Amino acid sequence: MKLTMDLIARGTSGYTKKKRDESMQQYIRRLTHLYLENKNIDDIGEDLSHCRNLIVLYLYDNLLNRVPCLNSNCSLTHLYLQNNNISKIENLGALGRLQKLYLGGNAITVLEGLDKLYQLQELHVENQRLPTGEQLLFDPRSLRSLSESLQILNVSGNHLTSIRDLECLMSLTQLLASENQLSDMKELAHLLGGPWRRMTRLDLMGNPLCLRAKYKDRVIVMGKFLEVLDGKNITETTRQFLLNWHASREITRKKTQDNLLRQETFSAAPNGSSAGDLPPVRSAVSRQTSVSGYIMPGLPRKQFEDILAKSNFPDPDKTRKTRSGIMRAKKVVCRKILYSQCTDIYYETHVSDDDNDVWGVMAGANTIHYPPRPLSVGSVRLTRSATHRRTTPTQHVHEV
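- Per an unreviewed UniProt entry, the protein goes by the name Protein phosphatase 1 regulatory subunit 42 and belongs to Elysia crispata.

## A word on the overall build of the protein
And step 1. Tallying secondary structure elements over the protein gives 9 helices and 17 strands in all.
And step 2. Of all 400 residues assigned to the protein, the portion counted as buried reaches 37%.
And step 3. Across the protein, the fraction of contacts at a sequence separation of at least 24, relative to all contacts at a separation of at least 6, is 44%.
And step 4. Of the roughly 24200 Å² of accessible surface on the protein, 51% is carried by carbon and sulfur atoms.

## So, the environment of Ser-87
And step 1. Mapping Ser-87 onto the fold places it in the loop between β3 (78–80) and β4 (100–102).
And step 2. On the basis of relative accessibility, which here comes to 44%, the residue Ser-87 falls in the partly exposed class.
And step 3. Sequence separation between Ser-87 and Leu-130 is 43 residues, and the spatial gap between their C-alpha atoms is 9.7 Å.
And step 4. Once residues lying within four places of it in the same chain are set aside, the contact partners of Ser-87 are Asn-65, Ala-107, Ile-108 and Thr-109.

## Here we look at the sheet that holds strand β9 (residues 174–176)
Sheet strands pair via backbone hydrogen bonds, and the direction of the pair is either parallel or antiparallel.
And step 1. Taken together, 10 strands build an open sheet; the order of strands is β1-β2-β3-β4-β6-β8-β9-β10-β11-β12 and the sheet is mixed. Every interior strand has two partners, whereas the edge strands, β1 (33–35) and β12 (232–233), have only one.
And step 2. The pairing of β1 with strand β2 (residues 56–58) spans 3 bridges and is classified as parallel. Paired with His-33 across the strands is Val-56, a residue of β2.

## Digging into the packing of aromatic side chains
And step 1. Under the defined criterion, the tally for this structure stands at 4 aromatic pairs.
And step 2. Measuring from centroid to centroid gives 4.9 Å for Tyr-35 and Tyr-58, while their planes differ by 10°, and the two rings are stacked. Remark: Tyr-58 occurs in strand β2 and Tyr-35 occurs in strand β1; sequence separation between them is 23 residues.
And step 3. Between Tyr-80 and Tyr-102, the ring centres sit 4.4 Å apart and the planes meet at 10°, which makes this aromatic pair stacked. In this pair, Tyr-80 sits in strand β3 while Tyr-102 sits in strand β4, placing the two residues 22 residues apart along the sequence.
And step 4. A connected cluster of aromatic rings, assembled from ring pairs, spans Tyr-35, Tyr-58, Tyr-60, Tyr-80 and Tyr-102.

## Some points on the side chain of Asp-139
And step 1. You can see Asp-139 is positioned in the loop between β7 (137–138) and α3 (140–145).
And step 2. Residue Asp-139 is classed as buried on the basis of its relative accessible area, which comes to 12%.
And step 3. Ignoring any residue separated from it by four or fewer positions in sequence, one finds Asp-139 in contact with Leu-111 and Glu-112.

## Structural notes on a positive patch on the surface
And step 1. Judged by side-chain charge, Arg-212, Lys-214, Arg-218 and Arg-249 come together as a positively charged surface patch.
And step 2. Inspection of the secondary structure assignment puts Arg-212 in the loop between β10 (201–203) and α5 (215–222).
And step 3. Judged by its relative accessible area of 38%, Arg-212 is partly exposed.

## Description of the nonpolar core
And step 1. The biggest cluster of nonpolar side chains holds 71 residues, and the ones touching the most others in it are Leu-48, Leu-57, Leu-101, Leu-123, Leu-175 and Trp-196.
And step 2. Elements with a contribution of two residues or more to this core: α1 (5–9), α2 (24–30), α4 (185–193) and α5.
And step 3. Looking at this core element by element, the count peaks at 5 residues for α5.
And step 4. Ignoring anything within four residues of it in the chain, the contact list for Leu-57 reads Leu-34, Leu-36, Leu-48, Leu-70, Leu-76, His-78, Leu-79 and Tyr-80.

## Side note on the pattern of salt bridges
And step 1. Tallying each qualifying case throughout the model produces 8 salt bridges.
And step 2. The shortest N-O distance in the salt bridge between Arg-30 and Glu-22 comes to 3.0 Å.
And step 3. For Arg-30, a relative accessible area of 32% translates into the label partly exposed.
And step 4. Across the pair Asp-258 and Lys-254 runs a salt bridge, and its minimum N-O distance is 3.5 Å. On the criterion of helical spacing, the pair formed by Asp-258 and Lys-254 is a turn pair, its members being 4 residues apart in helix α6 (residues 236–268).

About the criteria used
Per-chain numbering applies: the sequence of each chain, read as written, is numbered from 1 onward. With pLDDT at 70 or above as the cut-off, local features in this predicted model cover only qualifying residues; side-chain atom pairs require 80 or more to be listed or tallied, and sums for whole chains, interfaces and linings still use all residues. With hydrogens and water stripped out, all remaining heavy atoms of the structure feed into the side-chain values. By the criteria applied, helices consist of DSSP H or I runs no shorter than four residues and strands consist of E runs no shorter than two, each listed in order from the N terminus. Each residue is assigned to one of three classes by its accessible area relative to the maximum for its type, calculated with a 1.4 Å probe on protein chains only: buried under 20%, partly exposed between the two thresholds, exposed over 50%. Working rule for contacts: check all heavy atoms of both residues, and any pair within 4.5 Å makes them a contact. Here the Shrake-Rupley method, with its probe set to 1.4 Å, supplies the accessible areas, and only the displayed protein chains count as covering residues. In this scheme, strands are said to pair when DSSP sees at least two bridges between them. Any two rings among Phe, Tyr and Trp, with Trp reduced to its six-membered ring, count as a pair given centres within 6.5 Å; such a pair is stacked if its planes are under 30 degrees apart, edge-to-face if over 60, and tilted if neither. Distance thresholds for patches are 9 Å for like charges and 5 Å for nonpolar side chains (Val, Leu, Ile, Met, Phe, Trp, Tyr), applied to residues having over 30% relative accessible area and no salt bridge. Every case where a carboxyl oxygen of Asp or Glu lies within 4 Å of a side-chain nitrogen of Lys or Arg is listed as a salt bridge. Positive charges are assigned to Lys and Arg, negative charges to Asp and Glu, while His and the chain termini are left out of the count. Charge coordinates come from a single atom per side chain, which is NZ of Lys, CZ of Arg, CG of Asp or CD of Glu. Side-chain atoms within 4.5 Å link the members of a nonpolar core, which is a set of buried Ala, Val, Leu, Ile, Met, Phe, Trp, Tyr and Cys residues.

Quick look at the structure:
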């Protein structure tokens with residue numbers, strides 16, 4: 001059906017009535033809202049050009065194959081063209097005041113022809129009848145023209161696998177992108193944390209990313225100003241709870257990363273220690289073994305006692321005569337410390353010469369050792385630490 005003057009006159013809402021002394025052209029020129037939906041219109045013709053003051057035009061649910069030429073309708077702010085057979089966006093360059101454009105349910109494959117619509121705030125291009133395996137494409141020039149004005153965008157049901165091309169829409173506050181193939185959560189986090197930080201409404205139902213664990217919780221944390229997600233309002237209590245949960249999770253993750261980094265640093269250093277670490281402390285055994293002198297090797301206790309029993313020391317009282325011919329024992333002056341690893345006993349040996357004392361002291365790191373000289377007699381006694389282990393009143397240790 002072709003659009004006629006009579007159809008236009010009957011397409012009013014009833015609030016605007018024709019006056020008696022008013023011609024049809026004058027009446028049509030005075031119209032601001034025209035309701036021509038569901039009229040089986042397939043051709044607009046030239047009669048619509050007489051509607052000079054038209055602001056809102058309803059042409060949805062018709063049979064239009066193209067966007068009508070609306071160069072004479074420069075005052076249009078709302079245009080409804082959804083559910084027609086339109087395959088290309090065109091003839092909109094003269095609509096500089098257009099604020100809302102509805103093109104859903106057509107056969108549009110490329111979002112284009114919008115580079116002159118600098119005041120467009122709302123765009124609906126959902127559920128396009130696309131060829132099998134194809135998705136809706138976006139013309140970069142049109143998107144750049146809408147970057148500062150577009151606030152609401154509906155691209156639901158267009159087989160979209162990415163919305164990265166929409167990044168330039170800096171003023172976007174509402175995005176309806178349900179029933180697509182969106183699956184990249186990182187891409188969404190980048191958009192919500194950057195150019196779309198003012199997003200208040202987001203609809204992603206029917207996308208693969210909705211199946212991710214804690215999908216809604218993560219999206220609410222990403223969009224700090226989101227008020228509606230997938231058709232449900234977000235309360236301030238819910239938002240604050242999720243923000244606290246996210247903050248505690250980040251602290252735990254940071255601690256884990258620091259621990260892993262510290263372990264990697266230690267494992268990368270030579271000998272398992274970092275360059276700034278102190279040298280390892282030497283054990284008591286290593287310090288003892290480094291002392292010069294004699295240290296008795298470890299022996300079984302029974303074998304050690306047998307060696308002591310077989311030792312034959314002369315009686316110190318009968319060793320030698322003095323110049324006066326009187327037998328006397330040597331005065332004990334010098335000390336040697338022997339240590340047995342098998343019995344954990346320290347033995348002290350005191351030997352002295354009347355004419356020339358011989359000193360030999362072994363005590364930890366402050367060791368003073370003189371070359372031994374032949375000694376004829378030596379008296380042996382146990383230290384206090386080993387006194388309780390004695391089995392005989394007197395034990396002797398052979399000087400080595």
